[in-house]
Amino acid sequence: MEHFDKEYGLEIWGDIACFTRPELKVERVSYDVITPSAARNIFQAIFWKPAIQWEITRIEVVNPIKHISIRRNEVGAIGAGKADAKPIIATEKRQQKNTLMLRDVRYRIYARMVYIPPKERKNEKGHAPGKDENPMKYQQMFERRASKGQAFNMPYLGTRECAAFFKLLPENSKSGSDLLQESRDFGIMLYDMDFSDEKNITPMFFNARMDNGVIEVPQPDSIEILR
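Notes on the structure follow. (Residues numbered from 1 in each chain as written. Predicted model: local features only at pLDDT ≥ 70, side-chain atom pairs only at ≥ 80, totals over all residues. Heavy atoms only, no water.)

Turning our attention to the overall build of the chain. Counting its secondary structure elements, the chain contains three helices and nine strands. In sequence order, the secondary structure elements of the chain are arranged as β-β-α-β-β-α-β-α-β-β-β-β. A total of 227 residues make up the chain; the buried ones form 39% of that total. Contacts spanning at least 24 positions in sequence make up 73% of the contacts within the chain whose residues lie at least 6 apart. With an accessible surface of roughly 13500 Å², the chain has 49% of that area assigned to carbon and sulfur atoms. (Helix = DSSP H or I, 4+ residues; strand = E, 2+ residues; numbered from the N terminus. Buried < 20%, exposed > 50% of the residue type's maximum accessible area, 1.4 Å probe, protein only. Contact = heavy atoms within 4.5 Å. Areas by Shrake-Rupley, 256 points an atom, 1.4 Å probe, with all protein chains shown as cover.)

Given below as structure tokens:
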């Protein structure tokens, strides 16, 4: 069956956001704008199936870039993940750290819903999907959920305490007149994680450039992606 990958847009906003720079681990410092990885997570929170994957294509910045510095309580230990592991007492391992976050953010993010043919995947039970599977049904399911403001998990802006609100954008709504009229080179930014090898998950980066509020995001197999 022939099919096409459809692109969708979401307008997202929130009071605070933190898209943590991975090179700064002692105290959290946010990138100046949302990363493609964080944008993908928002689409996935609304709708995801093993038959699809989301590829971010474009990020539009609406509100001015503003920062806020807060102090947060974090737990300075990692659980062992074993049934007989010693529990972590939060009050004993609590650490207060400074976080440089973003405030009053609003973006328009665009992503392509990429359909994965049955021969290239297996479903969550390990059995091949049916041959009569219609990729259009996934598009309709996403459109229905996004238009109603429904999500499987609460979308968030980088970290889970930063709730994200969203609405589905109409088609052909790119380059609105209200975008941030500013151009800036953000340098090397986290693109996403490469999960192709489960034993060796690696980060991917790209050179993020904003032109009059617009960041064009390269495709994952592009030479612009740094691994």
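So, about the nonpolar core. Note that soluble globular proteins tend to have their nonpolar side chains buried in a common cluster. With 49 residues, the main nonpolar core has Leu10, Ile34, Tyr107, Ile109 and Phe142 as its most contacted residues. When residues of this core are traced back to their parent elements, those giving at least two are strand S1 (6–17), helix H1 (36–46), strand S3 (52–61), strand S5 (94–115), helix H3 (136–147), strand S7 (184–194) and strand S8 (202–211). Counting residues per element, this core draws most heavily on S5, at eight residues. If near-sequence neighbours (up to four positions away) are discounted, Ile34 is found in contact with Ile12, Phe19, Ala39, Ile42, Ile59, Tyr107, Ile109 and Met189. (Core = buried A, V, L, I, M, F, W, Y, C linked by side-chain atoms within 4.5 Å.)

In this model, the largest pocket occupies a volume close to 620 Å³. As for the largest pocket, its lining consists of 21 residues, of which Arg40, Gln53, Trp54, Met193 and Phe195 are closest to the centre. At the level of elements, H1, S3 and S7 are the ones that each hand at least two residues to the lining of the largest pocket. Among the elements that make up the lining of the largest pocket, the one with the highest residue count is S3 (five residues). Across the lining of the largest pocket, the residue classes break down as twelve nonpolar, three polar and six charged. Its volume calculated, the second largest pocket comes out at about 290 Å³. Lining the second largest pocket are 14 residues, with Thr20, Ser37, Ala38, Asn41 and Gly158 positioned closest to its centre. Looking at the lining of the second largest pocket, the elements with two or more residues in it are H1 and S7. Top element by residues in the lining of the second largest pocket is H1. It accounts for three residues. (1 Å grid on protein atoms, 1.4 Å probe; cavity = no way out; pocket = protein on both sides within 12 Å on 5 of 7 lines; lining within 4 Å. Points joined across faces, edges and corners; volume = space filled by probe spheres on them. Nonpolar A, V, L, I, M, F, W, Y, C, P; charged D, E, K, R; others polar.)

What the rule picks out here adds up to 15 salt bridges. The residue Glu171 makes a salt bridge to Lys6 at a minimum N-O spacing of 3.5 Å. Within this pair, whereas Glu171 is found in the loop between strand S6 (165–168) and S7, its partner Lys6 is found in strand S1, the two being separated by 165 residues in sequence. Take Lys6: its relative accessible area is 19%, and that puts it in the buried class. Residues Arg184 and Asp32 are paired through a salt bridge, measuring 3.2 Å at the closest nitrogen-oxygen approach. Remark: Asp32 occurs in the loop between strand S2 (28–29) and H1 and Arg184 occurs in strand S7; sequence separation between them is 152 residues. (Salt bridge = Lys/Arg side-chain N within 4 Å of Asp/Glu carboxyl O.)

With that settled, the discussion passes to the packing of aromatic side chains. Applying the stated criterion to the full structure yields ten aromatic pairs. Pairwise contacts between aromatic rings join Tyr8, Phe43, Trp54 and Phe142 into one cluster. (Phe/Tyr/Trp six-rings, centres within 6.5 Å; stacked < 30°, edge-to-face > 60°.)

Take the side chain of Arg40 next. Structurally, the position occupied by Arg40 is in helix H1. Exposure remark for Arg40: the relative accessible area of 13% places this residue in the buried category. Side-chain polar atoms of Arg40 contact the side chain of Asp192, separated by 2.6 Å. Setting aside chain neighbours within four positions, we find Arg40 in contact with Trp54, Ile56, Asp192 and Phe195. (Polar contact = N/O pair within 3.5 Å; in protein donor to acceptor, adjacent residues only side chain to side chain.)

Attention now goes to empty space enclosed by the protein. Taken as a whole and judged by the stated rule, the model has two cavities of 30 Å³ or more. Here the largest cavity is characterised by a volume of approximately 60 Å³. Considering the residues around the largest cavity, the lining is formed by Asp32, Val61, Asn63, Pro64, Ile65, Lys66, Leu102, Arg103, Asp104, Val105, Arg106 and Tyr107. If one sorts the elements of the lining of the largest cavity by residue count, S5 sits on top with six residues. Among the residues forming the lining of the largest cavity, the class breakdown is six nonpolar, one polar and five charged. Roughly 40 Å³ of internal volume is contained in the second largest cavity. Around the second largest cavity, the lining residues are Phe4, Asp5, Ile52, Met113, Tyr115, Pro135, Tyr138 and Gln139. The residue inventory of the lining of the second largest cavity, partitioned by class, reads six nonpolar, one polar and one charged.

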